[in-house]
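# Structure assessment
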Amino acid sequence: MDKLVIVLFIFVANCVALLLTYHSFDKKIDKNKRMLYTMIAVGVMYIVISITYFFSSIGIEKEVSENSKNMITFTFVPVNSIIILPFLINSYKKARRKEIKMENFNKRVIIIGVIAIFLIISEFFYFRNIQNGIIRMMNEMSNSVNENVINN
């Protein structure tokens, strides 16, 4: 039951991220192009998270790394998408309409870039911590099974 709740939460988070990104684009853009741009933006986010995960799993047992990859990736892609993409897209839209000066747009991009770098560095250590926690849990389970066998 717990697994179902987690999967549903991840599904809802991904839907929210896609909808927020889709609705952040200009309404004047054709729906097919908006969908394409949304998929590209979320795809780039997926690639960034996958690269971060790859580097965080260096030195971790391959079995642990492979088993937790999808869950972690599909959890953090919507989180980063919700935090970064709508603000970035809206800023670009305003700069293109000349609602904000290019100087202000550049400042916004730098701020979002700093936030993105901070998120990625934090996630690197968090991913590594999750994988090490899984290894500890596996070792504890293995030790308790060995102790039960010895006692019996």
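Residues numbered from 1 in each chain as written. Predicted model: local features only at pLDDT ≥ 70, side-chain atom pairs only at ≥ 80, totals over all residues. Heavy atoms only, no water.

## A few points about the environment of L119
So the rule is basically this: Elements are defined by DSSP. Helices are runs of H or I of four residues or more, strands are runs of E of two residues or more, and each kind is numbered from the N terminus. Only heavy atoms enter the contact rule, under which two residues are in contact if any of them lie within 4.5 Å.
Its location among the elements puts L119 in helix α4 (residues 102-151). Along the sequence, L119 and N104 sit 15 residues apart, while their C-alpha atoms lie 22 Å from each other. Once residues within four sequence positions are removed from consideration, L119 is found in contact with N80, I83 and I84.

## Remarks on the side chain of S65
So the rule is basically this: Partly exposed residues are those whose accessible area sits between 20% and 50% of the maximum for their type, while under 20% is buried and over 50% is exposed, using a 1.4 Å probe and protein chains only.
When you line up the elements, S65 lands in helix α3 (residues 62-96). Relative accessible area serves as the criterion here: at 8%, S65 is assigned to the buried category. Not counting the four nearest positions on each side in its chain, S65 is found in contact with Y53, S57, I60 and Q131.

## Observations concerning the packing of helix α1 (residues 2-24) against α3
Using the following cut-off: Between N-to-C directions, angles span 0 to 180 degrees; the directions come from axes that are lines fitted to C-alpha atoms, helices contributing only their stretch in contact. Roughly parallel means an angle under 35 degrees; roughly antiparallel means over 145; roughly perpendicular covers 65 to 115; every other angle is labelled oblique. By the definition used in this description, the sense in which the near helix is turned from the far one sets the handedness, with an anticlockwise turn below a right angle giving left-handed and a clockwise turn giving right-handed.
It is at 9 Å that the axes of α1 and α3 come closest, and there the two elements cross at 15°. The orientation of α1 with respect to α3, classified from their angle, is roughly parallel. For the pair α1 and α3, the crossing hand works out as left-handed. Between α1 and α3, the residues in contact are I6, I10, A13, N14, V16, A17, L20, T21 and S24 and M71, F74, T75, P78, S81, I82, L85, P86, I89, N90 and K93, respectively.

## A word on the nonpolar core
A general trend in soluble globular proteins is that nonpolar side chains are found buried together. In plain terms, the rule: Throughout this description, the term nonpolar core refers to a set of buried Ala, Val, Leu, Ile, Met, Phe, Trp, Tyr and Cys residues connected via side-chain atoms within 4.5 Å.
Membership of the largest hydrophobic core comes to 16 residues, with the highest contact counts inside it found for I84, L85 and F127. Of all elements in the fold, only α2 (31-56), α3 and α4 reach the threshold of two or more residues within this core. Broken down by element, this core gets its largest block of residues, six residues, from α3. In this view, I84 contacts M45, I112, A116 and L119; residues no more than four positions away in its chain are not counted.

## Observations regarding the pattern of salt bridges
Just so we agree on the cut-off: What makes a salt bridge here is a side-chain nitrogen of Lys or Arg within 4 Å of a carboxyl oxygen of Asp or Glu, nothing more.
This structure, assessed with the given rule, holds three salt bridges. Where D26 meets R97, a salt bridge forms, and the shortest distance between an N and an O atom there is 2.8 Å. Note that D26 is positioned in the loop between α1 and α2 and R97 in the loop between α3 and α4, a separation of 71 residues in sequence. On the basis of relative accessible area, D26 is assigned to the buried category, the value being 17%. On the basis of relative accessible area, R97 is assigned to the partly exposed category, the value being 43%. Note that E99 and R97 form a salt bridge whose closest N and O atoms lie 3.5 Å from each other. Among the charged side chains, a salt-bridge network with shared partners connects D26, R97 and E99.

## Observations regarding the packing of aromatic side chains
Applied cut-off: Any two of the Phe, Tyr and Trp rings considered here, Trp counted by its six-membered ring, make a pair once their centres fall within 6.5 Å; the pair's planes then place it as stacked at under 30 degrees, edge-to-face at over 60, or tilted in between.
As enumerated under the stated definition, the model contains eight aromatic pairs in all. Ring plane angle 75° and centroid distance 5.0 Å describe the contact between F76 and F127, whose orientation is recorded as edge-to-face. Taken together, the positions of F76 in helix α3 and F127 in helix α4 put the pair 51 residues apart, joining distant regions of the chain. Residues F76 and F127 agree in their burial class; the two are buried.

## A word on α2
Quick note on the threshold: Expected helix span is given by 1.5 Å per residue-to-residue step, counting one fewer step than there are residues.
Relative to the 38 Å expected for 26 residues at 1.5 Å per residue, α2 spans 37 Å between its end C-alpha atoms, a close match to the ideal helical length. Looking only at α2, the buried set comprises R34, T38, A41, V42, M45, I49, S50, T52, Y53 and S56.

## A short note on unusual backbone geometry
A positive phi is found at K98, a non-glycine position, where the angle reads about 65°. Its location among the elements puts K98 in the loop between α3 and α4. Its relative accessible area of 72% is what places K98 among the exposed residues.

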